[in-house]
Amino acid sequence: TNAARADVGLNAVIISVDGTTPKLLTVARGPHEDGLPSGHLDDAADRTLEQGVRRLVGRETSLPVRYFEQLYTFGDRNRAPGGRSLAVAYLALVRHQDVGGPAHPRWRSCYELFPWEEWRDGPPAALEATIVPALERWLATSEPGDLSTRKERAELTFGMGHARWDPVRVLDRYELLYELRLVGEAATAGGRPGPGLGLPLALDHRRIAAAALERLRGKLAYRPVVFEVLPDTFTLSRLQQVVEALAGQGLHKPNF
């Protein structure tokens, strides 16, 4: 197009809850992979970054979104082909509804992307079958000077040893799994995603989604953001159900 385009990328992490399943909206990024709704800031059309992200979400998904908050700016080297690329990511919360549009949007379970984050039925199978053995190998092959740091990182991130599982450490866990080459995005240096735990997304979009889920889980205890995914009227039981879905763990009803 001839529209003026600033060299600033935009990504939208759109989260809802369908029944007892937290859902993330993805769009087609090619014939073989999906990613987050994304685009570039348009100098002619977008007075602010939020106007830009609202425009791209409307264009790619036709989804009305009330709640946006800026998440983070991602600019690591090699996050995208062709040189360093900056992207400002936004977290959006919506009530669950059918979606459609030219970018072929679809809802996917957050735990399809992050199967190790779902603890409502106890420790996830991937933890004992794949992740813990990989962490133990990582620790066993440590240089003596690195062992204590690696051990502390494994314990705090995945609740090993005497540490407890912290549901908020979503991004830390994804980044450690990436370092251990257990996720598809780390298995290949560009091109189609390789095998690994969970559903890979284009570029670093699953890392961005992990940052968004971490932000959302951190806010559940002190801000009423969860109301953005609920209807105008709801029961206390439904509220607890939605919070448990997003947190990935059950909550004691009297305490809740």
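Throughout this document, residue positions are counted from 1 along each chain, in the order its sequence is written. For a predicted model such as this one, the threshold for reporting local features is a pLDDT of at least 70, and the threshold for listing and counting side-chain atom pairs is 80 or more; totals across whole chains, interfaces and linings nevertheless cover every residue. Side-chain descriptors were evaluated using all non-hydrogen atoms of the structure, hydrogens and water having been removed beforehand.

Re the packing of aromatic side chains
- Only Phe, Tyr and Trp rings are paired, with Trp represented by its six-membered ring, and only when their centres lie within 6.5 Å; those with planes under 30 degrees apart are stacked, over 60 edge-to-face, the remainder tilted. One pass over the structure, following the stated rule, counts eight aromatic pairs.
- When the ring of tyrosine 174 is compared with that of tyrosine 178, the centres are 6.4 Å apart and the planes differ by 50 degrees; the resulting orientation is tilted. With a gap of four residues between them, tyrosine 174 and tyrosine 178 both fall in helix H5 (residues 170–179), about one helical turn apart.
- With a relative accessible area of 41%, tyrosine 178 lands in the partly exposed category.
- One aromatic cluster is present, formed by Phe114, Trp116, Tyr174 and Tyr178 through successive ring pairs. The helix and strand labels rest on DSSP assignments: H or I over at least four residues marks a helix, E over at least two residues marks a strand, and numbering proceeds from the N terminus. Only protein chains enter the accessibility calculation, which uses a 1.4 Å probe; a residue whose area is less than 20% of its type maximum is buried, one above 50% is exposed, and one in between is partly exposed.

Description of the confidence of the model for the chain
- One number per residue, pLDDT, summarises how confident the predictor is, and it ranges from 0 to 100. On average, the chain scores 88 in pLDDT, and the residues at 70 or more come to 91%.
- The weakest mean pLDDT in the chain belongs to helix H6 (residues 184–187) at 83; the strongest belongs to helix H2 (residues 110–113) at 97.
- Whether two residues touch is decided by their heavy atoms; if any such pair falls within 4.5 Å, the residues are in contact. Confidence over residues 189–193 falls short of pLDDT 50; this stretch has six contacts with residues more than four positions distant or in other chains.

So, the nonpolar core
- For this analysis, a nonpolar core means a set of buried residues of the types Ala, Val, Leu, Ile, Met, Phe, Trp, Tyr and Cys, connected via side-chain atoms within 4.5 Å. In terms of nonpolar packing, the biggest core is built from 54 residues, with Leu24, Trp116, Leu135 and Phe158 touching the most fellow members.
- It is helix H3 (residues 125–140) that contributes the most residues to this core, eight residues altogether.
- The contact partners of leucine 135, leaving out residues within four places of it in the chain, are Ala154, Phe158, Met160, Leu176 and Leu180.
- Counting 16 residues, the second largest nonpolar core, distinct from the first, contains Ala12, Leu56, Val65 and Trp107.

So, unusual backbone geometry
- The phi dihedral of serine 62 falls on the positive side, at around 55 degrees, and the residue is not glycine.
- In this fold, serine 62 is placed in the loop between helix H1 (49–61) and strand S5 (67–74).
- At arginine 181, a position not held by glycine, the phi torsion is positive, near 60 degrees.
- Checked against the element boundaries, arginine 181 lands in the loop between H5 and H6.

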